[in-house]
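Residue strings, one per chain:
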Amino acid sequence: MSTGAADQQALAHIPTSDVVEHLIREMTLEEKLAQLVGVWVNASTDGDSVAPLQSQMAGETRSWDDIIANGLGQITRMYGTVPLEPAEGARRLAAAQEQIMAASRFGIPAQVHEECLAGLAAWKATAFPVPLAWGATFNPALVREMASRIGASMRSLGIHQGLAPVLDVVRDLRWGRVEETIGEDPYLVGTVATAYVQGLESTGIVATLKHFVGYSASQAGRNHAPVSMGPRELADVMLPPFEMAIRHGGPRSVMHAYTDVDGVPAAANRALLTGLLREDWGFAGTVVADYFGVAFLDITHGVAADSGDAAVLALTAGVDVELPTVNCFGEPLLRRIREGGLDESVVDQALRRVLTQKAELGLLSPDFSAAPSALSEVKALELDPVENRALARELAAQSLVLLTNRELQGAPALPLALGASLGSLGVVGPLAEDPFAMLGCYSFDAHVGASHPEVPMGISVPSVAGVASGRFGRVLTSVTGNCEAATEEQIGEACRVASSVDTCVVVVGDNAGLFGRGTSGEGNDAADLRLPGDQHRMLDRVLAACAESGTRAVVVVLSGRPYALGDFIDRTHAIVQGFFPGEEGAEALWDVLTGIVNPSGKLPVSVPRSPGGQPGTYLHSKLAGPSGVSALDPSPLFGFGHGLSYTTFEISGHRCSAPTMSTSDSVLVSCTVTNTGSRDGAEVVQLYLEDPVGEVVRPVRELIGYARVELEAGASAVVDFEVHADRTSFTGLDLQRVVTPGLVKLHVSTSSTSDAATHEVILDGPRRVVGFEREMLTPVEVRRG
């Protein structure tokens, strides 16, 4: 019997609870370090990249046999790096796992991770709406269901970990990765992200919270730029979604951010990754590096002299696993430890967390099978089944936001009439016939497929004009260039179409891509919030043509961030905002435009009036709002939480259970929502907190609760919010989170700019210090009559 076989056989007879400690005692240093790295088996270094500086950071140049000789911690994106038939990917993964297990002494398989931000990022897998669209639904339950579907697909393919969700709170709309976020409010981000975590973890997949922390507040909205943020803003805006997800979602992994905050890179921040995350919050899972983030401590941050220094800094701070491949935690770290630059016990701490997670996943079990379960199924491997497409369509429909709906000939412009009364229809604009208008940067066909133009899209993604033609027959279309450029001839043709039809749908917005290969997405930061390229000029001309001919003008914005629409607000009959609504986005859009679905989406980010009115979100202090001391008015065109419906709602019967409460008690805020229109629909009742006089500057208002209420025409429901005093907490003068006595106002609203009622409540009692165990949620109950 070989030494390796003997070690594996001995391991099989050790109780699971003792296996991790046994391995730590028996492993050589080389074997330990091998468990703390990933290898990107399908990565290419000859051109387009799917990660920043991938070509320069290729890492391992050794042969596969050499790489796995001491074992391997993770396999990076077996399915998500190149277009690969899912069944072929499963066979390759099985072969790789068998080789890894056979090569090393202890026969430990690798943990496999993939991206899953808008669905599993694999060829032929469902492309769901992006996270910004999840936020627009204000429907965590639906997001939880989506995540469970994604997780089930991943589990069947032998994947163990998903690099999602993103919990960054939007601070600057120019940032290219706004589409990956859930919105500009910490409570919305936290509740929706927590639901995603719950759904993914329910299938056994390790959810990875990212990017910890502050990434979305980079200077000037530039990717990877430094973050100039004080500890109070970090604590009150950036950290709460992570706290909530860890407390209520149960994620087993966290990914550090690329950026530095006040000069300290997250990957080297022991106070953040160990002190706060593990010691204060009790997080027991793994911390993984954002791709090449450890090496960036040397290359881009300049806080390490070389790869060895970077490895020591990151491991000491609390980073357990270097991803996506080996740059620093291999030979450079080995040398540092051999030279006495780091005690091996620090490696053991990270190893214990990594092996414990592998044990939870069944990777240390003697009956682990290298073959993904999908290979044993009789039916064909299907990653985009009809039930996924149906859910993608429902999510997309609930995410579409009706911004305006002006009257035309005595009736609202939308919904469009069906049948002969619709009249002639035109669809114009750069995105009229573009399926990629539906896909975010982390959808596989945009993320990877764009680098393989010879390979067809793995899923059906109809365009706006394509769906219109299928539903209505003859539709006049004009593709007005692309998102970045349009010729005079193309604009002239769009104007000709607009002038010759009864209704013209103008489709503008973004194409997602990576690092300059698009107008939205990772690395595609915007100089301002004007529609990209020539679209502003094109839209101006087309709307003028519509006005001259009497054409109904409907503008559809399909984008990864909101754009300034102030120049067009009075010249359109209706505007619909969508945030990369996924493969079924065009079908959902026409469902909304024609009234098959009543729009119910609410803005997860504010829509600016002018291109230069940012950065800024609704979550600001009085000083940051409009005033007579500045000629620049930063007020949005449409505020956070705004969204119209084809029916009408009345909010009445406002009640607050008491005018006072102690600083450790609760009050009940209630209202009645009635659908007073003729159509079934959904309203999102929002509850905002205002703290008029604080010991530090407080936001004008902040969301502390919401409820999506679906009602048939004429029906009513009572909504009860239970507001604990902890929900008024903030970071005080002493940098402790506190609840303070005094007056607070609770605004029942339908958006951040539209109040239905205000309740004044006095908090009595002592100033209380609260922490991670505070009440983070506002329980809500919807009672139907």
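Residues numbered from 1 in each chain as written. Predicted model: local features only at pLDDT ≥ 70, side-chain atom pairs only at ≥ 80, totals over all residues. Heavy atoms only, no water.

Enquirer: Is there a simple way to think about the overall build of the protein chain in this case?
Expert: Helix and strand counts for the protein chain stand at 20 helices and 29 strands. For 785 residues, the compact-globule estimate of 2.2 N^0.38 gives 28 Å, and the C-alpha radius of gyration of the protein chain, at 27 Å, lies within 12% of that figure. Once the C-alpha set of the protein chain is aligned to its principal axes, its extents read approximately 85 × 70 × 50 Å. Each of the 785 residues in the protein chain was classed as buried or not, and the buried ones make up 62%. The centroid of the 57 positive side-chain charges in the protein chain is displaced by 2 Å from the centroid of its 93 negative side-chain charges. (Helix = DSSP H or I, 4+ residues; strand = E, 2+ residues; numbered from the N terminus. Rg over C-alpha atoms; globule rule 2.2 N^0.38 Å. Buried < 20%, exposed > 50% of the residue type's maximum accessible area, 1.4 Å probe, protein only. Lys, Arg positive; Asp, Glu negative; His and termini not counted. Charge placed at Lys NZ, Arg CZ, Asp CG, Glu CD.)

Enquirer: Before we go on, may I ask you to explain the sheet that holds strand 24 (residues 730-731) in this structure?
Expert: Whenever strands of a sheet pair, they do so through backbone hydrogen bonds, lying parallel or antiparallel. Within the open sheet, the 3 strands sit side by side as 24-25-28. Their pairing is antiparallel. Unpaired on one side and paired on the other, strand 24 and strand 28 (768-769) mark the two borders of the sheet. Judged from the 2 bridges that link them, strand 25 (residues 737-739) and strand 28 form a sheet pairing that is antiparallel. Following the sheet pairing, Val-738 is matched in strand 28 by Val-769. (Pairing = 2+ DSSP bridges.)

Enquirer: Please explain the layout of surface pockets as it appears in this structure.
Expert: With a probe scaled to a water molecule rolled over the atoms, the places where space remains empty come into view. The computed volume of the second largest pocket comes to approximately 650 Å³. In terms of lining residues, the second largest pocket is bounded by 27 residues, among which Pro-231, Leu-234, Ala-235, Leu-239 and Leu-276 are the most central. Elements represented by at least two residues in the lining of the second largest pocket include exactly helix 9 (231-248) and helix 10 (270-280). Per-class residue counts for the lining of the second largest pocket are 16 nonpolar, 6 polar and 5 charged. (1 Å grid on protein atoms, 1.4 Å probe; cavity = no way out; pocket = protein on both sides within 12 Å on 5 of 7 lines; lining within 4 Å. Points joined across faces, edges and corners; volume = space filled by probe spheres on them. Nonpolar A, V, L, I, M, F, W, Y, C, P; charged D, E, K, R; others polar.)

Enquirer: Hey, could you run me through the nonpolar core in this one?
Expert: Nonpolar side chains in soluble globular proteins tend to be buried together. Of all hydrophobic cores here, the largest spans 181 residues; its most connected members are Tyr-196, Phe-212 and Phe-329. When sequence neighbours within four positions are dropped, the list of residues in contact with Phe-212 reads Leu-239, Phe-242, Val-254, Met-255, His-256, Ala-257, Ala-266, Leu-272, Leu-273, Leu-276, Leu-277 and Trp-281. In terms of nonpolar packing, the next biggest core, distinct from the first, is built from 38 residues, Val-427, Val-461, Val-505 and Trp-590 among them. (Core = buried A, V, L, I, M, F, W, Y, C linked by side-chain atoms within 4.5 Å. Contact = heavy atoms within 4.5 Å.)

Enquirer: I'm lost on helix 12 (residues 307-317) in this one. Help?
Expert: Note: α-helices contain 3.6 residues per turn, so residues at a spacing of three or four share the same orientation. Three or more residues of helix 12 are buried, namely Gly-308, Ala-310, Ala-311, Val-312, Ala-314, Leu-315 and Ala-317. Against the buried residues of helix 12 lie helix 10, helix 11 (293-299), helix 13 (331-338) and helix 14 (344-360). Its side-chain oxygen placed 3.1 Å from the backbone nitrogen of Gly-308, Asp-306 serves as the N-cap of helix 12. (Polar contact = N/O pair within 3.5 Å; in protein donor to acceptor, adjacent residues only side chain to side chain.)

Enquirer: Looking at this model, I keep getting lost on the sheet that holds strand 15 (residues 503-509). Mind explaining?
Expert: Spatially, 6 strands are ordered 10-17-16-15-13-14 in an open sheet, and the strand pairing comes out mixed. A strand with exactly one partner marks an edge of an open sheet, and here the two such strands are strand 10 (401-405) and strand 14 (476-479). Each strand axis lies, on average, 15° off the axis of its neighbour in the sheet, ignoring direction. The pairing of strand 13 (residues 425-429) with strand 15 spans 4 bridges and is parallel. Bridge pairing in strand 15 links Val-427 to Val-505. With respect to the sheet, helix 18 (residues 488-499) is in contact with strand 13, strand 14 and strand 15, its orientation differing from that of strand 14 by roughly 160°. (Axes fitted to C-alpha atoms, helices over the stretch in contact; angles between N-to-C directions.)

Enquirer: Mind showing me how you'd approach the packing of aromatic side chains here?
Expert: Between two aromatic rings, the relevant description is the distance of the centres plus the angle of the planes. Going through the model one piece at a time under the given rule, you end up with 14 aromatic pairs. Centre to centre, the rings of Phe-212 and Phe-242 are 5.0 Å apart; their planes meet at 65°, and the pair counts as edge-to-face. Separated by 30 residues along the polypeptide, Phe-212 in strand 5 (residues 206-212) and Phe-242 in helix 9 bring together distant segments of the chain. Joined through ring pairs, the aromatic side chains of Phe-138, Tyr-187, Tyr-618, Phe-640, Tyr-688 and Tyr-706 make up one cluster. (Phe/Tyr/Trp six-rings, centres within 6.5 Å; stacked < 30°, edge-to-face > 60°.)

Enquirer: What exactly am I supposed to notice about the side chain of Asp-591 here?
Expert: Tracing the backbone shows Asp-591 in helix 20 (residues 585-593). Residue classification places Asp-591 among the buried positions, given a relative accessible area of 6%. What Asp-591 contacts, discounting residues up to four positions off in sequence, is Arg-393, Arg-471, Ile-596 and Val-597.

Enquirer: Could you clarify how one ought to interpret the pairing of strand 23 (residues 716-724) in this entry?
Expert: Residues in a regular strand point their side chains to alternate faces of the sheet. Most of strand 23 sits out of view: 7 of its 9 residues are buried. Across 5 bridges, strand 23 lies against strand 29 (residues 780-784) in antiparallel orientation. What sits directly across from Ala-717, in strand 29, is Arg-784.

Enquirer: Hey, could you run me through the packing of helix 8 (residues 186-201) against helix 9 in this one?
Expert: In contact at an axis separation of 8 Å, helix 8 and helix 9 are set at 30° when each is read in the N-to-C sense. Relative to helix 9, helix 8 is oriented roughly parallel. Like other packed secondary-structure pairs, helix 8 and helix 9 cross with a definite hand, here right-handed. The segment helix 8 lies against helix 9, with Pro-186, Tyr-187, Val-189, Gly-190, Thr-191, Thr-194 and Gln-198 engaging Asp-236, Val-237, Pro-240, Pro-241, Met-244, Ala-245 and His-248. Classifying every residue of the contact of helix 8 with helix 9 gives 8 nonpolar, 5 polar and 1 charged. (Parallel < 35°, antiparallel > 145°, perpendicular 65-115°, else oblique. Left-handed = near helix turned anticlockwise from the far one by under 90°.)

Enquirer: Looking at this structure, I do not really get the pattern of salt bridges. What am I missing?
Expert: In a structure, side chains of opposite charge can pair up when their charged atoms sit close to one another. Under the criterion given, the structure shown has 44 salt bridges. Arg-336 serves as the salt-bridge partner of Asp-309, at 3.1 Å between the closest nitrogen and oxygen. A residue pair is termed long-range when its members are at least 10 positions apart, and Asp-309 in helix 12 and Arg-336 in helix 13 qualify at 27 residues. In this structure Arg-336 comes out as buried when scored by relative accessible area, which is 16%. (Salt bridge = Lys/Arg side-chain N within 4 Å of Asp/Glu carboxyl O.)

Enquirer: Explanation requested: unusual backbone geometry in the structure shown.
Expert: One can expect most non-glycine residues to show negative phi and most peptide bonds to be in trans. Cis geometry is found at the peptide bond from Phe-212 to Val-213, where omega equals 0°. Position of Val-213 among the secondary structure elements: in the loop between strand 5 and helix 9. The step from Leu-414 to Pro-415 runs through a cis peptide bond, and the omega angle for that step is 5°. Topologically, Pro-415 is positioned in the loop between strand 12 (411-412) and strand 13. Here the phi dihedral of Lys-124 falls at roughly 80°; this positive angle occurs in a residue that is not glycine.

Enquirer: Even after reading the chapter, I still don't get the environment of Ala-432, so can you show me in this structure?
Expert: Within the fold, Ala-432 resides in the loop between strand 13 and helix 16 (444-447). Taking relative accessible area as the criterion, Ala-432 reaches 0% and is therefore assigned buried. In this structure the C-alpha to C-alpha distance between Ala-432 and Leu-687, which are 255 residues apart in sequence, comes to 38 Å. Setting aside its immediate chain neighbours within four residues, Ala-432 contacts Val-427, Ser-463, Val-464, Ala-465, Ser-478 and Val-507.

Enquirer: Which parts of the structure should I look at to understand empty space enclosed by the protein?
Expert: Considering all chains together, one arrives at 7 cavities of 30 Å³ or more under this definition. By volume, the second largest cavity is sized at about 50 Å³. What lines the second largest cavity is simply Gln-35, Gly-73, Gln-74, Gln-111, Gln-161, Thr-286, Val-288, Val-321, Val-354, Gln-357 and Lys-358. Residue assignment for the lining of the second largest cavity shows that the elements contributing at least two residues are strand 9 (286-288) and helix 14. For the lining of the second largest cavity, the leading source of residues is helix 14, giving 3 residues. Tallied by class, the residues present in the lining of the second largest cavity amount to 3 nonpolar, 7 polar and 1 charged.

Purely geometric stuff here, so don't read any function into it on its own.
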